[in-house]
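Structural overview
Next come the chains, spelled out residue by residue.
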Amino acid sequence: MENKKVTDWRENIALMRFQIIQPLLDLTLDKAKRIQMRRKIAADNDISEKTITRWEEAFFQSGFSGLKPAERTGGRSSKLPDNFPELLQEAIQLKREVTTRSVSQIIFILEGEGKAKPGVLKRSTLQRYLFEAGLGERQLKMYRQDEQSTMTKRFCKPHRMMLVQADIKYGVGVIVMADGEKRTAYLSSIIDDHSRYILWSEWYESQDEYCVEDVFRKAVLKHGKFDKAYTDNGSQYISRQLQTSCAMLGISLKRARVRSGKSKGKIEKFHQVVDSFIAEVKLKKPVETTELNRYWQIFLNEYYHKKPHDGIREYYTSKGITVPDAGITPEQEWNRDTRALIFLDSKTVGEAFLHHEKRNVDKGGLISYKGRKYEAGAHLIGEQVIIAFDPMDDRTIIVYPKNSSSFTASPVQIGEYCVREIPVPRAVAEEPVTSRFLDVLEKKHKESQKKLADAISYSDYGD
């Protein structure tokens, strides 16, 4: 199908590896703590410490791309047994029965039941397929009760950009149409855990993964990279695209336990402030999100960021530090923090949040995307290409052909006159220097003439 997302197995494996090693990416860990944590991660995921170390080094050296395995050629490995699909289904069933079963235990069971020959199933291969089925160890941990979790307790990071919280707030009836009909808008926000400063917050007409990605991208572009993001388990925050985008930028995603609203206390407290804005902006009767966002930015910059925050006072008071009578505002706390901001190249950030899909180039050399036609070129007619695009901006898309360099395509503009010259597809684009068909005929003609001449000469000799 045209709208089906491209699934890159190498990217899936890189994402799995990133999720496994992300606790080790904290540069503040001392050597002893790092070794202890590495051993625990290796044991929990049934992976050797040597492998974990290799993944760490690969990430620190080459980033997210360093975690990708070497690209395979061809289809499924010939080393897999013919009944591998059946064995995989058995493995999935075994994992669902007891989610704590390791891959080695699953292989042991399958071999013991006589369903797999000893040594045929490899742990790394089965582990990859289980991850793709949504049954990887890191994926299952999201749904397990973690009694040692400290996220339900009150906490506050000591510096900005160490942790952020993200969430969506409903604004019921904040947009009033010309006919008086009221519509709901959705506020997607990211707040810094330490300073309570809003990295980015914007109203959207829908609550989908695109608005979440847009806020993440704008927050990183404006304020730099943060270490971790803490979210709930809404579909917008568990999308593969958001996980991959954050992993490519070295940002860890951590999710709250189900029905654990207290663990997102800072963003929930901020939403109480949003309620006061909603009450005021309804009196303005905004007719579109552009107008709503204009009032919202004024509210943030002139009121919320400049108003002393009780949470900041409470944090310092708990540490025995005296706070001025006037209090400390989120803007003051953000600006006086000594931790340096880490800004990333805008191109790197943009590429991390691009979506990718497959498209077929039609007989007019065009690609369809969101109901619009984009010029790909007649040389690609009939080919399947990959397009990269920003869901929030359809002005251009990037086209990746299989056998040539990528290029940027713009929507087709319908002109007053048609194009007189019809471009030739790439498959027949090279103009031949001769007619090979006529060359063959000429060759045969010469051979026929030679045979005829020889026959006439032989006839004369007989007379």
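Per-chain numbering applies: the sequence of each chain, read as written, is numbered from 1 onward. The model is predicted, so local features are restricted to residues of pLDDT at least 70 and side-chain atom pairs to those at 80 or more, both for listing and for counting; the totals for chains, interfaces and linings are taken over all residues. To get the side-chain values, all heavy atoms of the structure are used, and hydrogens and water are removed first.

Turning our eyes to something else, we now look at the overall build of the protein. Segments assigned H or I by DSSP are reported as helices when at least four residues long, segments assigned E as strands when at least two residues long, and all are numbered from the N terminus. In terms of regular secondary structure, the protein is built from 15 helices and eleven strands. Here the term buried applies to any residue with accessible area under 20% of the maximum for its type, exposed to any over 50%, and partly exposed to those in between, with areas from a 1.4 Å probe on protein chains only. Per-residue burial for the protein yields a buried fraction of 42% across its 463 residues. Counting contacts in the protein only where the partners sit at least 6 residues apart, residues at least 24 apart contribute 62% of the total. Accessibility throughout is a Shrake-Rupley quantity obtained with a 1.4 Å probe, and a residue counts as covered only by protein chains that appear here. Accessible surface, the protein as shown: approximately 27,600 Å² in total, 51% of it carbon and sulfur. Note on contacts: a residue pair is in contact if any heavy atoms of the two residues lie within 4.5 Å.

Turning our attention to the sheet that holds strand β2 (residues 182–192). Pairing between two strands is assigned when DSSP locates at least 2 bridges connecting them. Strands sit in the order β3-β2-β1-β4-β5 across an open sheet of five strands; the sheet is mixed. Of all strands in the sheet, those with a lone pairing partner are β3 (198–204) and β5 (252–255), marking the two edges. Direction aside, the axes of adjacent strands within the sheet are offset by 25° on average. Looking at chain direction, strand β1 (residues 163–176) and strand β4 (residues 228–231) are connected through three bridges and run parallel. For Gln-165, the partnering residue across the bridge sits in β4 and is Tyr-230. Sheet contacts for helix α8 (residues 209–223): β1, β2, β3, β4 and β5; angle to β3, the most-contacted strand, approximately 145°. Between N-to-C directions, angles cover 0 to 180 degrees, with each direction set by a line fitted to C-alpha atoms, over the stretch in contact for helices. With respect to the sheet, helix α11 (residues 289–304) is in contact with β1, β2 and β3, its orientation differing from that of β3 by roughly 155°.

For the rest of this paragraph, the subject is the nonpolar core. By size, the foremost hydrophobic cluster in this structure holds 27 residues, and its most contacted members are Ile-190, Leu-199, Phe-216, Phe-226 and Leu-242. Here Phe-216 is in contact with Ala-166, Ile-190, Phe-226, Ala-229, Tyr-237, Leu-242, Cys-246, Leu-253 and Phe-353, once residues within four sequence places are set aside. Nonpolar cores were defined as sets of buried Ala, Val, Leu, Ile, Met, Phe, Trp, Tyr and Cys residues, with membership established by side-chain atoms within 4.5 Å. Ranked by size, the runner-up nonpolar core spans 20 residues in total, among them Ile-13, Ile-21, Leu-24 and Ala-247.

Glancing now at the side chain of Thr-329. In this fold, Thr-329 is placed in the loop between α12 (310–318) and α13 (330–336). Side-chain polar atoms of Thr-329 contact the backbone oxygen of His-305, separated by 3.4 Å. Setting aside chain neighbours within four positions, we find Thr-329 in contact with His-305, Lys-306, Lys-307, Pro-308, His-309 and Ile-312. N or O atoms within 3.5 Å of each other form a polar contact, as long as, within protein, one can give a hydrogen and the other can take it, and as long as residues adjacent in sequence are counted only when both atoms are side-chain atoms.

Two quantities define a packed helix pair, namely the angle between the axes and the distance from one axis to the other. Viewed as axis vectors pointing N to C, helix α4 (residues 84–97) and helix α5 (residues 103–112) meet at an angle of 120°, and their least axial separation amounts to 10 Å. Classified by the angle between their axes, α4 and α5 sit oblique to one another. Helix-helix and strand crossings are classified by hand; for α4 and α5 the assignment is right-handed. Across the interface between the two elements, Leu-87, Glu-90, Ala-91, Leu-94 and Lys-95 of α4 pack against Ile-106, Ile-109 and Leu-110 of α5. Just so you know how the angles are binned, under 35 degrees is roughly parallel, over 145 roughly antiparallel, 65 to 115 roughly perpendicular, and the rest oblique. Handedness of a helix crossing follows the sense of rotation of the near helix relative to the far helix, less than a right angle counterclockwise being left-handed and clockwise being right-handed.

This next bit is on the packing of aromatic side chains. The description of an aromatic ring pair rests on the distance of the ring centres and on the angle between the ring planes. Centres within 6.5 Å are what make two rings of Phe, Tyr or Trp a pair, Trp counting through its six-membered ring; a difference in plane orientation under 30 degrees is then read as stacked, over 60 as edge-to-face, and the rest as tilted. In total, this model carries 16 aromatic pairs according to the counting rule given. For the pair Phe-18 and Phe-59, a centre-to-centre distance of 5.5 Å together with 50° between the ring planes defines the contact as tilted. In this pair, Phe-18 is assigned in helix α1 (residues 9–21) and Phe-59 in helix α3 (residues 49–62), connecting sequence segments 41 residues apart. No difference in accessibility class separates Phe-18 from Phe-59, as the two residues are buried. Each member of the aromatic cluster is reached from another via a ring pair, and the members are Trp-203, Phe-270, Phe-277, Trp-296, Phe-299, Tyr-303 and Tyr-304. In our convention, an over-ring charge means Lys NZ or Arg CZ found within 6 Å of a ring centre and within 35 degrees of that ring's normal. Across from the ring centre of Trp-334, 5.0 Å away, lies the NZ or CZ of Arg-160, which sits over that ring.

Another aspect to go through is the environment of Glu-213. One can find Glu-213 in helix α8. Classification of Glu-213 by relative accessible area gives buried; the value is 3%. Separated by 25 residues in sequence, Glu-213 and Ser-188 place their C-alpha atoms 9.6 Å apart. Not counting residues within four places of it along the chain, the set of residues in contact with Glu-213 comprises Ser-239, Gln-241, Leu-242, Phe-353 and His-355.

A few words on the confidence of the model for the protein. Summary of the metric used: pLDDT quantifies the predictor's per-residue confidence within the range 0 to 100. Confidence in the prediction of the protein, expressed as mean pLDDT, is 83, and 84% of residues score 70 or more. Below a pLDDT of 50 lies the segment residues 1–7, which in the model reaches 17 contacts outside its immediate sequence neighbourhood of four places, other chains included.

This brings us to the environment of Thr-348. Secondary-structure assignment places Thr-348 in helix α14 (residues 346–352). Given the relative accessible area of 40%, Thr-348 is considered partly exposed. Sequence-wise, Thr-348 and Met-248 are 100 residues apart; in three dimensions their C-alpha atoms are separated by 9.0 Å.

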